[in-house]
Amino acid sequence: MKTVIMAGGKGTRITSVASDIPKPMIPIDGIPVLEREIQCLKNQGFDDLIITVGHLGHIISEYFGNGEKISPITGQPFGVHIEYYVENTPLGNAGALFRLKDKLTEKFLLLNADVVFDIDFHRMVKYHEDKGGLVTIFTHPNDHPYDSSLIVTDSDTKAVRHWIEKSEKRPEFYQNRVNAGIHVISPAILDINVDSPQIDLDKQLLKPLAGTGKMFAYDSPEYVKDMGTPDRYKAVCKDFQDGVIKAKNLRQKQKAIFLDRDGTINKYVGFLRKPDEFELIEGTAQAIKKINNSEYLAIVITNQPVIARGEVTWKELERIHQKMETLLGEEGAYLNGIYFCPHHPDKGYAGEVPELKVDCECHKPKPGLLLKAAKDFHIDLSQSWMIGDRDSDIKAGKAAGCRTALIGTQKYDQDLTANSLQNAINKIYAMTGGNTYA
């Protein structure tokens, strides 16, 4: 399987760090960013590379050669096969793909050369194969969704429904998911006719696939960050030194803090049925932001029987969750996942949905949702926590093998008791010595 690495940009925003070398050759802890990318790929067997070069591209080709050279930094062979495509005139960030069409006869990885990452590519490629689409894009939440391009997906299939560019007007509430610039692409996407001299990957190839059922989002908490500004460069250097980048790879066991929704994140109003009723509890965003800056993932686990009872539609619940993500994002916090149970075992409600009136395995106090999240994110449940305000939260956490924290005063055999989510997070970190990266 080939990997195409786009390394032709000038990197004008980071010239204060290095102006005499291409941006992909700027070192992270002494080793060029592009070399770290190649190491990650080679270690997983992705060793057939095409690198597109432009500005100062000779520095890249002289450093790596055809991939058989010895690294002057590590003293180890690069251990890959490299071909180059030289853009003598700018072709846009996708133009070279059409010039390489004869070489791209099977699905291929497409990466940017100035991104710092450590991800499990085999996992992403399998996801692409399972979905059977033309394109799979790597997506993740960030701490500034309000000024980022956004990817809106179907909650079940993860098919991309909408692609909202940064410059476009966004809805009042939205999913916090952005494109990280890593793709698995089937060659059929190159069969379209594009007659412009420069081709934009996002605007001309990917965005038109939104809503067609042919493009899917691979959502992952793994580390992918652009280091294209001096501030971002400093941040990724610190993350590397702190061990964050390697720890986030899904080949490594993850830790999570599972969060109940109503009464834990937002004010309890009984069965919440409308976005207008959703209001964050004071301090919630700060607590979740602290999780984001630590070794833990932040994942919501919530019962939503209002779906089965016919009191809230799937669309309405989606909008409620979009409001939750929007409010958190406005304060620099985000969720890695939202898992909900739509079932309810008791019958007799007007407007109920019969197929959802079942005794399922995902309704807390059963641990089904936690077990599903653990599978999706390779989570070590014994090193994770469940925080909620009811006995069902504590029972679900314990059934899954997690430690538990109750927000309230009751005694349900929880491991600790707190008066707020913020207080619970502080106590957990004090108890475990939770590693924070900020």
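Residues numbered from 1 in each chain as written. Predicted model: local features only at pLDDT ≥ 70, side-chain atom pairs only at ≥ 80, totals over all residues. Heavy atoms only, no water.

J.: Sorry if this is basic, but what is going on with the overall build of the chain here?
T.: Along the chain, the regular secondary structure elements total twelve helices and 19 strands. Relative to its length of 438 residues, the chain is compact, with a C-alpha radius of gyration of 23 Å against a globular reference of 22 Å. Principal axes of the C-alpha set define a box for the chain whose edges measure 70 × 45 × 35 Å. Sorting the 438 residues of the chain into buried and exposed places 53% on the buried side. If you take every contact in the chain between residues at least 6 apart in sequence, the share linking residues at least 24 apart comes to 71%. (Helix = DSSP H or I, 4+ residues; strand = E, 2+ residues; numbered from the N terminus. Rg over C-alpha atoms; globule rule 2.2 N^0.38 Å. Buried < 20%, exposed > 50% of the residue type's maximum accessible area, 1.4 Å probe, protein only. Contact = heavy atoms within 4.5 Å.)

J.: Would you mind going over the sheet that holds strand β15 (residues 296-303) with me for this structure?
T.: Hydrogen bonds between backbone atoms are what pair the strands of a sheet, whose relative direction is either parallel or antiparallel. The six strands lie next to each other as β16-β15-β14-β17-β18-β19, forming an open sheet whose pairing is parallel. Looking at which strands have only one partner, the edges of the open sheet turn out to be β16 (337-341) and β19 (416-418). Mean inter-strand twist for the sheet, computed between neighbouring axes without regard to direction, equals 20°. When strand β17 (residues 385-388) meets strand β18 (residues 403-407), the two strands line up parallel, connected through four bridges. Residue I387 lies in a different strand from β18, and its bridge partner there is A405. Against the sheet, helix α9 (residues 314-330) touches β15 and β16, its axis set at about 145° to β16. Set on the sheet, helix α11 (residues 391-400) makes contact with β17 and β18; between it and β18 the angle comes to about 170°. (Pairing = 2+ DSSP bridges. Axes fitted to C-alpha atoms, helices over the stretch in contact; angles between N-to-C directions.)

J.: I keep staring at the packing of helix α8 (residues 284-292) against helix α12 (residues 421-432) and nothing clicks. Help me out?
T.: Helix-helix packing: each pair is described by the crossing angle between the helix axes and the interaxial distance. At a minimum axis distance of 8 Å, the contact between α8 and α12 shows a crossing angle of 30°. Taken together, the axes of α8 and α12 are roughly parallel relative to one another. Here α8 and α12 pass one another in a crossing that is left-handed. Residues T284, Q286, A287, I288, K290 and I291 of α8 touch α12, and the partners they reach there are L421, Q422, I425, N426 and Y429. Tallied by class, the residues present in the contact of α8 with α12 amount to six nonpolar, four polar and one charged. (Parallel < 35°, antiparallel > 145°, perpendicular 65-115°, else oblique. Left-handed = near helix turned anticlockwise from the far one by under 90°. Nonpolar A, V, L, I, M, F, W, Y, C, P; charged D, E, K, R; others polar.)

J.: Can you help me understand the packing of aromatic side chains in this one?
T.: Each aromatic ring pair is specified by the distance between its two centres and by the angle formed by the two planes. Considering all chains together, one arrives at nine aromatic pairs under this definition. Here Y63 and F64 contribute two aromatic rings whose centre-to-centre distance is 4.8 Å and whose plane-to-plane angle is 75°, an arrangement assigned as edge-to-face. Exposure class is identical for Y63 and F64. Each is buried. An aromatic cluster of three or more residues is present, and its members are F46, F117 and F121. Positioned over the ring face of Y174 is R170, at 5.6 Å from the centre of the ring. (Phe/Tyr/Trp six-rings, centres within 6.5 Å; stacked < 30°, edge-to-face > 60°. Lys NZ or Arg CZ within 6 Å of the ring centre and 35° of its normal.)

J.: Can you help me understand the nonpolar core in this one?
T.: Generally speaking, soluble globular proteins have nonpolar side chains that are buried together. Grouped together as the largest cluster of nonpolar side chains are 36 residues, with contacts concentrated most on I5, I38, F64, F117, F121 and I182. For F121, the contacting residues outside a window of four places in its chain are C40, L41, Q44, F46, L109, L111 and I182. By size, the runner-up hydrophobic cluster in this structure holds 29 residues, among which are F278, A285, L328 and A424. (Core = buried A, V, L, I, M, F, W, Y, C linked by side-chain atoms within 4.5 Å.)

J.: Explanation requested: the environment of P208 in the structure shown.
T.: Here P208 lies in the loop between α5 (201-206) and β12 (215-219). The exposure class assigned to P208 is partly exposed, which follows from its relative accessible area of 46%. For P208 and H162, which are 46 residues apart along the polypeptide, the C-alpha to C-alpha distance reads 9.3 Å. Other than its neighbours up to four places away in sequence, P208 contacts D202 and K203.

J.: Could you clarify how one ought to interpret the pairing of β18 in this entry?
T.: In regular strands, side chains alternate between the two faces of the sheet. Across the five residues of β18, four count as buried, placing the element largely inside the fold. Of the pairings in the sheet, the one linking β18 to β19 comprises three bridges and is parallel in character. Directly across from I407, in β19, lies its bridge partner A418.

J.: In this structure, what is going on with the pattern of salt bridges? I would like to understand it.
T.: Side-chain pairs of opposite charge can arise whenever the charged atoms involved come near each other. Evaluated as defined, the whole model comprises 32 salt bridges. Here D114 makes a salt bridge to K23, at a shortest N to O gap of 2.6 Å. Of the two residues, D114 is situated in the loop between β6 (108-112) and β7 (115-118) and K23 in the loop between β1 (2-7) and β2 (27-28); the sequence distance between them amounts to 91 residues. Residues D114 and K23 agree in their burial class; the two are buried. Here K398 ties to D415 by a salt bridge, and the two come within 3.8 Å at their closest N and O atoms. In this pair, K398 is assigned in helix α11 and D415 in the loop between β18 and β19, connecting sequence segments 17 residues apart. We classify D415 as partly exposed; its relative accessible area is 38%. (Salt bridge = Lys/Arg side-chain N within 4 Å of Asp/Glu carboxyl O.)

J.: I tried to follow the pairing of strand β8 (residues 135-140) on my own but got confused; where do I start?
T.: Counting buried residues along β8, six of its six residues qualify, which places the element largely inside the surrounding structure. Burial along β8 is two-sided: the residues V135, I137 and T139 and T136, F138 and H140 are all buried. Where β8 and strand β11 (residues 178-185) come together, five bridges link them in antiparallel fashion. Looking at the pairing, V135 lines up with I185 of β11. Strand direction decides the pairing type here: β8 and β12, joined by five bridges, are parallel. Bridge pairing in β12 links F138 to Y218.

J.: What is the right way to look at the environment of K131 in this model?
T.: In this structure, K131 sits in helix α4 (residues 121-131). On a C-alpha basis, the gap between K131 and K158 in space is 9.2 Å, while along the polypeptide they are 27 residues apart. Once residues lying within four places of it in the same chain are set aside, the contact partners of K131 are T157 and F216.

J.: Help me understand the state of the cysteines in this model?
T.: By definition, a disulfide links the sulfur atoms of two cysteine residues through a covalent bond. On inspection of all chains with the given rule, the structure shows zero disulfides. C237 takes part in no disulfide bond, and the closest cysteine sulfur to it belongs to C40, at a distance of 17 Å. Take C360: it sits in no disulfide, and the sulfur closest to it among the cysteines is that of C362, at 3.5 Å. (Disulfide = S-S within 2.5 Å.)

J.: Quick question: what am I supposed to make of helix α1 (residues 33-43) here?
T.: Because an α-helix completes one turn every 3.6 residues, residues spaced three or four positions apart along the sequence face the same direction. With eight of eleven residues buried, α1 is to be regarded as a mostly interior element. Of the positions making up α1, those classed as buried are V33, L34, E35, R36, E37, I38, C40 and L41. Looking one or two places after α1, you find G45, whose phi comes out positive at around 90°.

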